[in-house]
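# Coordinates in review
Spelled out from the first residue to the last, the chains are:
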Amino acid sequence: MTTVLVLVAFVSAYVLIATERIHRVAAALSGAAAMVVLGVVDAHVAFFSEDTGVDWNVIFLLLGMMVIVGVLRRTGVFEYAAIWAAKRAGGRPFAVMVMLIVITAIASALLDNVTTVLLIAPVSLLVCERIGAPPVPFLVAEVLASNIGGTATLIGDPPNIIIASRSGLSFNDFVLNLAPVVVVLVGVLIVMCRVMFASAFAFHPERVAALMKLDEREALQDVPLLVRSGIVLAAVLVGFVSHSVIDVEPSLVALLGAGALVALSRLDPEDYLADVEWGTLVFFMGLFVMVGALVEVGVIGDLARSATSAVGDHYFLGSTVLVFASGGLSGIVDNIPYVATMSPLVADLVSAGDGSAGSRSAWWALALGADLGGNATAVGASANVVVLGIAARNGHPISFWGFTKYGLPVAAVTIVVAWAYLALRYFVLA
Amino acid sequence: MRAGDLAEPFPVVTLGTEAVTAARTIGDHRVPGLIVCEDDGSPHTVLGGSQVLRFLIPQYVQDDPALARVYDEDSSDQLLAALSTRTVRDLLPRRQDRHELPVVDSDATLLEIAASMARLHSPLVAVVDDGRVVGAVTVSRLFEHLFPDVSGTTS
């Protein structure tokens, strides 16, 4: 009976999160509270259980990176890079778009997607105004690039952080397994943008002078802080790359980096904490307790056994279903709760496998499907919603379908390419 | 002391007044805003100087102030030129975003005036008598009477 009640509470909270009838933080906390009331979760399970409680590695990795971003964004480096790139592109709209796509994808691999688009979108609007290009295609291309670029690393997208923590996969595992296909996918996106936005690339030579007059160096507000931030960010990346060697969790690497940056920047707490999304962190905590309750009552275990017997040693079939189902669902519902729910299931599925590259490919199928699926609709990922808001505020509203008519084909094509990559790398060529 | 006693003659524009003229009036009279009246002389709203600036400065520059530094002087002039084809009607927020009208009757007390300014974040209130604007009270004029200089140190 308890299991049924836990399932009802979980599904109810999930529906509330998906439909946004109430704020997702309230929905996740209500779901977590229901698990406590049902007696499935106590303080020990919620706060100290590594398998069924709050995953503090995820929480503190996010917190550390948010603080780092909070300092980094004050340097003006993103504005500098975007204007510099647009000028190097000679003001030719397609070349400018390619530059902005590449910058956004790289930044999203290192920082969270929402922050990246928040920083890139305003300067893109400025560049578009200068060169006389319609801004909507540029904004849409950037958010698509952000969701693709974020797929490349452990820290690029919250679902990857959850997967890393639940799977024990390292930063290097993510880079080695996902970055190659992400490079290909960015190329695919550029080609698709050329086709989808063909009418947006009219070149106005007479307006190039207006672009060239922008002085990107003026955007650099605090050069000493930029230098210090660059050094710390580089050290953090070295820490991520070597975390399995030096035996320090990515969460601690991020916190140490955040602490160093705070000390070096000498900013006030309200400044570097202003960019911490406390609501997102609390949402994650509630989510972990909800999913942990499903594990506690054995629902995840039962599902994993069913999935394991269904898949058997047909790992390619399993990864195929996982990448396409994850892609489809992530376009409709937030990919964070989806991955939080699926991770324990995939962990059981992988541990029941034979340890081959094919059996372990389920993790990459989950990451690729969930991350790339976020491009499908206007509500598929948080970055999409943020860019739509920026566009509307600047007098260029993008409707749900206005986004989806570009996002859906890109999500579909990139997921098919990702599936082909999985097939080739982990099955055909393994 | 009542609003009617404090009210000073104040520049008034209509919805059809050219935006450049409105901006110039704010500058020439060194006032924080203007009273916008209907054609029949009844008050429509108050146009604050910051609303003119919000219209002039692109939203993306307001979102990311670092971008304001990358413009050269010519580009800044081009931004200001955006006012040339506009009227006061274009500068006002959309009707659904507008707040209550900062207007008080001529017999309103100092505290009523202060409450209206505080509630509506307005640097001035229009003073009306029988539905007609008779002047306005600015926040500096109000403070002059709320905190009189008893030491005589005002230059």
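See the structure shown above.
Here's what I pulled together on the structure shown here. (Residues numbered from 1 in each chain as written. Chains lettered and ligands numbered in written order. Predicted model: local features only at pLDDT ≥ 70, side-chain atom pairs only at ≥ 80, totals over all residues. Heavy atoms only, no water.)

### Thoughts on the overall build of chain B
Stated formally: Runs of E in the DSSP output that reach at least two residues are strands. Runs of H or I that reach at least four are helices, and both are numbered from the N terminus. Each residue gets one of three labels from its accessible area relative to the maximum for its type: buried under 20%, exposed over 50%, partly exposed in between, using a 1.4 Å probe on protein chains only. Residue contacts are defined here by distance: any two heavy atoms, one from each residue, within 4.5 Å place the two residues in contact.
Across its full length, chain B carries eight helices and six strands. Moving toward the C terminus, one meets the helices and strands of chain B in the order α-β-α-β-β-α-α-α-α-β-α-β-β-α. Taken along its principal axes, the extent of the C-alpha atoms in chain B is 50 × 45 × 25 Å. Taking all 155 residues of chain B together, 42% fall into the buried category. When contacts within chain B are restricted to residue pairs at least 6 apart in sequence, long-range pairs at least 24 apart make up 56% of them.

### A word on the sheet that holds strand β5 (residues 124-129) of chain B
Pairing between the strands of a sheet comes from backbone hydrogen bonds, and it takes one of two forms, parallel or antiparallel. Residues and elements named next belong to chain B. This is how the line gets drawn: Whether two strands pair comes down to DSSP finding at least two bridges between them. Axis lines are fitted through C-alpha atoms, for helices just across the contact stretch, and the angle between N-to-C directions can take any value from 0 to 180 degrees.
Taken together, three strands build an open sheet; the order of strands is β4-β5-β6 and the sheet is mixed. A single partner strand is all that each edge strand has here, and the edge strands are β4 (103-105) and β6 (132-138). If you compare each strand with its neighbour and ignore which way they point, the axes differ by 35° on average. As paired strands, β4 and β5 are joined by three bridges and run parallel to one another. Bridge pairing in β5 places D105 opposite V128. Packing of helix α7 (residues 110-120) onto the sheet brings it into contact with β4, β5 and β6, and relative to β5 it is tilted by some 130°.

### Let's talk about the interface of chain A and chain B
What counts is decided by this rule: Should a side-chain nitrogen of Lys or Arg be within 4 Å of a carboxyl oxygen of Asp or Glu, the pair is scored as a salt bridge. Pairs of N or O atoms are called polar contacts if they sit within 3.5 Å, as long as, within protein, a hydrogen donor faces a hydrogen acceptor (for residues adjacent in sequence, only side-chain-to-side-chain pairs). Side-chain classes are defined by residue name, with Ala, Val, Leu, Ile, Met, Phe, Trp, Tyr, Cys and Pro counting as nonpolar, Asp, Glu, Lys and Arg as charged, and the others, Gly among them, as polar.
In this complex, chain A contributes 19 residues to the contact, which on the side of chain B involves 13 residues. Across the contact surface, chain A and chain B share one salt bridge. Note that D63 of chain B and R393 of chain A form a salt bridge whose closest N and O atoms lie 2.9 Å from each other. The tally of links between chain A and chain B comes to five residue pairs in polar contact (both at pLDDT 80 or more). Among the secondary structure elements, those contributing two or more residues to the side of chain A that touches chain B are α5 (77-88) and α7 (113-131) of chain A. Counting residues per element, the side of chain A that touches chain B draws most heavily on α7 of chain A, which supplies seven residues. Per-class residue counts for the side of chain A that touches chain B are nine nonpolar, two polar and eight charged.

### Comments concerning the packing of helix α4 (residues 56-72) of chain A against helix α9 (residues 158-167) of chain A
Residue and element names in this part refer to chain A. Convention followed: Oblique is the label for any angle not under 35 degrees, not over 145, and not in the 65 to 115 range, which are roughly parallel, roughly antiparallel and roughly perpendicular in turn. Should the near helix be turned anticlockwise from the far one by less than a right angle, the crossing is left-handed, and should it be turned clockwise, the crossing is right-handed.
It is at 9 Å that the axes of α4 and α9 come closest, and there the two elements cross at 140°. In terms of orientation, α4 and α9 fall into the oblique class. Handedness of the crossing formed by α4 with α9: right-handed. Between α4 and α9, the contacting residues are N57, V58, L61 and L62 on the first element and I161, I162 and S165 on the second. Residues of the contact of α4 with α9, tallied by class, amount to five nonpolar, two polar and no charged.

### A word on the nonpolar core
The line we're drawing: Side-chain atoms within 4.5 Å link the members of a nonpolar core, which is a set of buried Ala, Val, Leu, Ile, Met, Phe, Trp, Tyr and Cys residues.
In terms of nonpolar packing, the biggest core is built from 152 residues, with I101, F197, F240, F284 and L366 of chain A touching the most fellow members. Among the elements that line this core, the one with the most residues is helix α10 (residues 171-196) of chain A, at 13 residues. If near-sequence neighbours (up to four positions away) are discounted, F240 of chain A is found in contact with L61, M65, I155, F171, P250, V253 and A254 of chain A. Of all hydrophobic cores here, the second largest spans 22 residues; its members include V13, A19, L34 and V46 of chain B.

### Looking at the packing of helix α18 (residues 315-332) of chain A against helix α20 (residues 357-373) of chain A
Residue and element names in this part refer to chain A. Closest axis-to-axis distance for the α18/α20 pair is 7 Å, and the angle between their directions is 15°. In terms of orientation, α18 lies roughly parallel with respect to α20. Taken as a pair, α18 and α20 cross one another with a handedness that is right-handed. For the pair formed by α18 and α20, the contact residues are Y315, S319, L322, V323, S326, G327, S330 and G331 on the first element and G358, S359, S361, A362, A365, L366, L368, G369, A370 and G373 on the second. Within the contact of α18 with α20, the residues separate by chemical class into eight nonpolar, 10 polar and no charged.

### Concerning the pattern of salt bridges
Under the counting rule described, the total for this entry stands at seven salt bridges over all chains. For K87 of chain A, the salt bridge identified is with E216 of chain A, shortest N-O distance 2.8 Å. Note that K87 of chain A is positioned in helix α5 and E216 of chain A in the loop between α11 (205-212) and α12 (223-241), a separation of 129 residues in sequence. Relative accessible area serves as the criterion here: at 9%, E216 of chain A is assigned to the buried category. Put simply, E8 of chain B and R141 of chain B hold a salt bridge, and the shortest N to O gap is 3.6 Å. Here R141 of chain B lies in helix α8 (residues 139-146) and E8 of chain B lies in the loop between α1 (3-6) and β1 (12-14), a separation of 133 residues in the sequence. When its relative accessible area of 18% is taken as the criterion, R141 of chain B is described as buried.

### Remarks on the environment of P180 of chain A
Residues and elements named next belong to chain A. Its place among the elements puts P180 in helix α10. Along the chain, P180 and P158 lie 22 residues apart, while their C-alpha atoms are 20 Å from each other. Sequence-distant contacts of P180, defined by excluding residues within four places in its chain, comprise V175, Y421 and R425.

### A short note on a negative patch on the surface
How we decide: A patch consists of residues exposed above 30% relative accessible area that lack any salt bridge, with like charges linked at up to 9 Å and nonpolar side chains (Val, Leu, Ile, Met, Phe, Trp, Tyr) linked at up to 5 Å. Using the Shrake-Rupley algorithm and a 1.4 Å probe, accessible areas are obtained, with residue cover drawn only from the displayed protein chains. A positive count includes Lys and Arg, and a negative count includes Asp and Glu. His and the chain ends are not counted in either. The location of each charge is read from NZ of Lys, CZ of Arg, CG of Asp or CD of Glu.
A cluster of acidic residues, D105, D107, E112, D129 and D130 of chain B, forms a negative patch at the surface. A relative accessible area of 75% places D130 of chain B in the exposed class.

### As for the pairing of strand β2 (residues 33-37) of chain B
Residues and elements named next belong to chain B. For clarity, the cut-off: Seen with the strands pointing away from the viewer, any crossover whose path from the first strand over the helix to the second strand runs clockwise is right-handed.
The element β2 is extensively covered by neighbouring structure, given that five of its five residues are classed as buried. Alternating positions in β2 separate into two faces, G33, I35 and C37 on one and L34 and V36 on the other, with burial throughout. Relative to β2, β1 is paired through three bridges, and the arrangement is parallel. Paired with V12 across the strands is I35, a residue of β2. Chirality of the crossover, the property in question, places the unit of β1, helix α2 (residues 19-29) and β2 among those that are right-handed. As paired elements, β2 and strand β3 (residues 43-48) share five bridges and run antiparallel to each other. Bridging across to β3, V36 finds its partner in T45. Hairpin connection of β2 to β3: five residues between the antiparallel strands, including G41 at a positive phi of 90°.

Keep in mind that these numbers describe shape and distance, not what the molecule does.
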